[in-house]
Amino acid sequence: MEKEARIQAIEAQVHLAKINPNKTGVLRKETLTVLIRTTHSASTTLKILAAKNIQFFFKDFPELEEQAINAVYDLCEDQDSEVRIEGYKAITRISRAERRLVKRNADVLLQLLQSDEPDEVTVVKQALIEHMDLDPTGTLGVLCDQLAPIDSSVDEEERGMREHLRTLVAAFLTGEAMDSIARHVEKDRTLESVFMPSILGVVLELDFSEMTQIVTQLVAGLTSRNVPIPNRLLQLLLQRVSVALQGDLKFSRPAFLRQTRPELDFAQSLVLIKRAVSPLELLRFYCKSLTGKLVLEQLAQEEQEWLIGMLAAVLSFCQSHYSGDTEIRQCQWTVVEACPFALEILTPGSLGKTSSACATLLRTWLTRKNSPGWNLPPDLKSALETLKAFLDKAPAQETKRELLKMLMFLDPSAPTPAEPRQRRVMQTATRSIDMSKNPPVITNHETRSITPTDGARHNQQAQPPAKKRRSGSEASSEEPPKLSLLSRLQPMASKPSATPPRQASVGLSIKGAASMQNGGNGAGNTGFPETKKPPPPPSLLERLQFASPAGSGSSYLDRSGPPSDPRKRKRRS
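Residues numbered from 1 in each chain as written. Predicted model: local features only at pLDDT ≥ 70, side-chain atom pairs only at ≥ 80, totals over all residues. Heavy atoms only, no water.

Asker: How should I be thinking about the overall build of the chain in this particular structure?
Answerer: In terms of regular secondary structure, the chain is built from 29 helices and zero strands. Across the 573 residues that make up the chain, the buried fraction comes to 41%. Taking as baseline every contact in the chain between residues at least 6 positions apart, the subset at least 24 positions apart corresponds to 67%. Accessible area of the chain: about 32,100 Å², with a carbon and sulfur share of 52%. (Helix = DSSP H or I, 4+ residues; strand = E, 2+ residues; numbered from the N terminus. Buried < 20%, exposed > 50% of the residue type's maximum accessible area, 1.4 Å probe, protein only. Contact = heavy atoms within 4.5 Å. Areas by Shrake-Rupley, 256 points an atom, 1.4 Å probe, with all protein chains shown as cover.)

Asker: Please clarify how the confidence of the model for the chain should be interpreted in this entry.
Answerer: A low pLDDT score tells you not to read the predicted coordinates there in detail. A residue-level look at the chain finds 71% of positions with pLDDT of 70 or above and a mean pLDDT of 76. A low-confidence stretch, residues 418-479 stays under pLDDT 50, and its non-local contacts, those more than four residues away or across chains, total 54 contacts. Low pLDDT, under 50, characterises residues 548-573; the stretch is placed with 16 contacts to residues that sit more than four places away or in other chains. (pLDDT = per-residue confidence, 0-100.)

Asker: Could you clarify how one ought to interpret the packing of aromatic side chains in this entry?
Answerer: A ring pair, where both rings are aromatic, is described by two values, the distance of the centres and the angle of the planes. What the rule picks out here adds up to three aromatic pairs. Consider the rings of Phe-56 and Phe-57, whose centres lie 6.5 Å apart with planes at 75°: the pair is edge-to-face. The buried category is assigned to Phe-57, whose relative accessible area is 0%. Between Phe-208 and Phe-266, the ring centres sit 6.4 Å apart and the planes meet at 80°, which makes this aromatic pair edge-to-face. (Phe/Tyr/Trp six-rings, centres within 6.5 Å; stacked < 30°, edge-to-face > 60°.)

Asker: Just to check I follow, could you spell out the nonpolar core for this structure?
Answerer: General note: in soluble globular proteins, nonpolar side chains tend to be found buried as a group. Ranked by internal contacts, the top residues of the largest apolar core, which has 138 residues, are Leu-173, Phe-195, Ile-199, Leu-343 and Leu-362. In terms of residues, this core owes the most to one element, helix H17 (residues 301-321), which gives 10 residues. For Ile-199, the residues in contact, after removing those within four places along its chain, are Leu-147, Ala-170, Leu-173, Thr-174, Ile-214 and Leu-218. (Core = buried A, V, L, I, M, F, W, Y, C linked by side-chain atoms within 4.5 Å.)

Asker: Please explain the packing of helix H4 (residues 62-75) against helix H6 (residues 102-111) as it appears in this structure.
Answerer: Each pair of packed helices can be described by the angle between their axes along with the distance between the axes. Viewed as axis vectors pointing N to C, H4 and H6 meet at an angle of 20°, and their least axial separation amounts to 12 Å. Judged on the interaxial angle alone, H6 and H4 are roughly parallel. Crossing hand, H4 versus H6: right-handed. For the pair formed by H4 and H6, the contact residues are Glu-66, Ile-69, Asn-70 and Tyr-73 on the first element and Arg-104, Asn-105 and Val-108 on the second. (Axes fitted to C-alpha atoms, helices over the stretch in contact; angles between N-to-C directions. Parallel < 35°, antiparallel > 145°, perpendicular 65-115°, else oblique. Left-handed = near helix turned anticlockwise from the far one by under 90°.)

Asker: Sorry, what's going on with the pattern of salt bridges here?
Answerer: Opposite charge on two side chains permits pairing when their charged atoms draw close. All told, the structure shown has 17 salt bridges when counted by the stated rule. A salt bridge links Glu-263 to Arg-240, with the nearest nitrogen and oxygen atoms 3.1 Å apart. Highlighted residues: Glu-263 in helix H14 (residues 260-272) and Arg-240 in helix H13 (residues 231-251), separated in sequence by 23 residues. For the salt bridge of Glu-327 with Arg-284, the shortest nitrogen-to-oxygen distance reads 3.1 Å. Separated by 43 residues along the polypeptide, Glu-327 in helix H18 (residues 326-338) and Arg-284 in helix H15 (residues 280-290) bring together distant segments of the chain. Each of the salt bridges in this network shares a partner with another, and the network as a whole consists of Glu-65, Glu-98 and Arg-100. (Salt bridge = Lys/Arg side-chain N within 4 Å of Asp/Glu carboxyl O.)

Asker: Before we go on, may I ask you to explain a negative patch on the surface in this structure?
Answerer: There is a patch of like negative charges on the surface, built from Asp-155, Glu-156, Glu-157 and Glu-158. In this structure, Glu-158 sits in helix H9 (residues 156-174). The exposure class assigned to Glu-158 is partly exposed, which follows from its relative accessible area of 35%. (Patch = residues over 30% accessible without salt bridge, like charges linked within 9 Å, V, L, I, M, F, W, Y side chains within 5 Å. Lys, Arg positive; Asp, Glu negative; His and termini not counted. Charge placed at Lys NZ, Arg CZ, Asp CG, Glu CD.)

Asker: Explanation requested: unusual backbone geometry in the structure shown.
Answerer: Trans is the common state for peptide bonds, and a negative phi is the common state for residues other than glycine. The omega torsion of the bond from Arg-253 to Pro-254 falls at -5°, within 30 degrees of zero and hence cis. With respect to the secondary-structure elements, Pro-254 resides in the loop between H13 and H14. Residues other than glycine seldom take positive phi values, yet Arg-275 does so here, at roughly 50°.

Asker: Got a minute to help me understand the environment of Cys-339 in this structure?
Answerer: Along the polypeptide, Cys-339 turns up in the loop between H18 and helix H19 (341-346). Between the C-alpha atom of Cys-339 and that of Asp-379, which follows or precedes it by 40 residues, the distance is 9.5 Å. Those residues in contact with Cys-339 that lie beyond four places of it in its chain are Thr-291, Leu-311 and Trp-365.

Asker: Would you mind showing me how to read the state of the cysteines here?
Answerer: Disulfide: a covalent bond connecting the sulfur atoms of a pair of cysteines. Per the stated rule, a full pass over the model turns up zero disulfides. Free of any disulfide, Cys-318 has its nearest neighbouring cysteine sulfur in Cys-331, separated by 8.0 Å. (Disulfide = S-S within 2.5 Å.)

Asker: Can you walk me through the environment of Val-277 in this structure?
Answerer: Within the fold, Val-277 resides in the loop between H14 and H15. Through-space distance from the C-alpha of Val-277 to that of Leu-234 is 7.5 Å; in sequence the pair is 43 residues apart. Other than its neighbours up to four places away in sequence, Val-277 contacts Ile-229, Pro-230, Asn-231, Leu-234, Leu-270, Val-271 and Tyr-322.

Asker: For this particular structure, what's the right way to read the environment of Ala-51?
Answerer: Relative to the elements of secondary structure, Ala-51 occurs in helix H3 (residues 44-53). For Ala-51, a relative accessible area of 3% gives the class buried. A sequence separation of 20 residues divides Ala-51 from Ala-71, and the C-alpha atoms of the two residues are 8.7 Å apart. If near-sequence neighbours (up to four positions away) are discounted, Ala-51 is found in contact with Leu-75, Glu-86, Ala-90 and Arg-93.

Asker: Would you take a moment to explain the packing of helix H21 (residues 378-393) against helix H22 (residues 398-410) for this structure?
Answerer: Interhelical geometry of H21 versus H22 gives an angle of 150° and a closest axis separation of 11 Å. With respect to their mutual orientation, H21 and H22 come out roughly antiparallel. Pair H21 / H22 crosses with left-handed handedness. Note on element contacts: H22 touches H21 through Lys-400, Leu-403, Leu-404, Leu-407 and Leu-410, opposite Leu-384, Leu-387, Lys-388, Leu-391 and Asp-392. Of the residues that constitute the contact of H21 with H22, the class distribution is seven nonpolar, no polar and three charged. (Nonpolar A, V, L, I, M, F, W, Y, C, P; charged D, E, K, R; others polar.)

Asker: Mind showing me how you'd approach H14 here?
Answerer: It helps to recall that an α-helix has 3.6 residues per turn; residues three or four apart then point in one direction. Compared with an ideal rise of 1.5 Å per residue, which puts 13 residues at 18 Å, H14 spans 18 Å between its outermost C-alpha atoms and is within 8% of the ideal. Burial of H14 is extensive: 10 of the 13 residues sit out of reach of the surface. Looking only at H14, the buried set comprises Thr-260, Glu-263, Leu-264, Phe-266, Ala-267, Gln-268, Ser-269, Leu-270, Val-271 and Leu-272. (Expected span 1.5 Å × (residues − 1).)

Asker: Would you mind showing me how to read the side chain of Thr-260 here?
Answerer: Relative to the helices and strands, Thr-260 resides in helix H14. Given a relative accessible area of 1%, Thr-260 falls into the buried group. There is a polar contact of 2.6 Å between the side chain of Thr-260 and the side chain of Asp-248. Not counting residues up to four positions away in its chain, the partners in contact with Thr-260 are Val-241, Ala-244, Leu-245 and Asp-248. (Polar contact = N/O pair within 3.5 Å; in protein donor to acceptor, adjacent residues only side chain to side chain.)

Asker: Just to check I follow, could you spell out H21 for this structure?
Answerer: Its 16 residues place the ends of H21 23 Å apart at the C-alpha level, agreeing with the 22 Å of an ideal helix rising 1.5 Å per residue. Buried residues of H21: Leu-380, Ala-383, Leu-384, Leu-387, Lys-388 and Leu-391, and no others. Taken around the axis of H21, the buried residues stretch over an arc of 140°, which confines them to a single face. The exposed residues of H21 that point more than 90 degrees off its buried face are Pro-378 and Lys-393. (Arc of directions from axis to C-beta.)

Here it is as structure tokens:
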């Protein structure tokens, strides 16, 4: 009963002091002194009462202000969680009553982020956000000061505590506080110069998992509010890649990119996936630090192929999204001109694994080739020849044809394999007669085209010519050449004749031979142009030869013998 009565008495005194018009009177001063003493009592109720009411009196009595503030801080370290939470809230009330205390109280609150109780941490974060609303510049400055590099002179225990606190503050700034930060930055752009350098400065100090979490939250928070991401962020991430690469190169030979892979993949995702910054810095980094021959030769084959594939992904992204950017296009050309060794790396691998990267590199070189004043460098020409030699041995597929086509445009002087159609023509020609030994006799003018009807008539009626009897010096043991259909159809330029053009020796076309079999009456079907004389009429032997029955296998002379020998005719009959 005595305890409850005491509580009721203090509550009544506080009520009277609040409504007392004399702000600096004795009643108000005594009430403030009572509230300060109750923060150290055993009663939770009195402690909470003090936490809720000190804010109304401390400003009027400067001599008691420091005691009042420290009393509130003591409540934040009480053993009772309920009292601690009221103490966190009391800090915000004190700052709202006296703005000059905002920075001091914000510093105390950020220390309280290390609490192990999630509910209490939530209250602390809310208190910090309210402080940011009260004084954005001061609160951001206090929070960002915790992100500064740690002095090397501190001992290990303190270093560990400060590193842990720095991680907590960075996560808070890029997480729960981002809405408030973005809102204030939009109102006052000068805050960006306070916030950005501080939050970016911690990127190099955090381990990989913490860094990725903080940067991801930062980028998501800024982009969702149309706040531009500074290029400095990508530069810092690429510095981490350089450090990781040096560590991997010192670890083994050939080197494996155990640390470099996750760092580079995350930095590249900022450009290709999140599209938060321009790819210009990334392209320059590949050119200067990653794709040089000295670096690539130290890596294992699979790491070389992975690295060139990553470069090809950046080039392909630039071709798709920054084709009109002159500076980025120039940088692409600089990258590919600086790394022709990349093609030599890709050629020993399988075509399926490296074809996409090869195609992207070749497309970039093609755009460079089409620019004025550029010639194919000797080292690139050698790399292209090496790639072509590899592709010639690779199995035929669509990717191979595409790469060979680009190689032909890049280096037209390189030999190309024969087309399949040309090989088929050569094979057909080998099955026909040797044209060099038995050239067809044709005119020096264009041969008239042969219609399908003419060809069908010839196939049905034309027979091989009979042996022609020669007398005197014209007799010869050789038979006249027998020309195939393909031979007479094949256009060949004949040698100039010694006689005038109208007396030129001409051979028989298919249609001409067919018309002579029908009696030689078809003057209009001779198959010769009107400006030339028709060929002389066939001899008797030729007409007898053509008159033999189709498919008999022998001519009329073979069956009946020479017409000048009547005895043989009689004996055979």
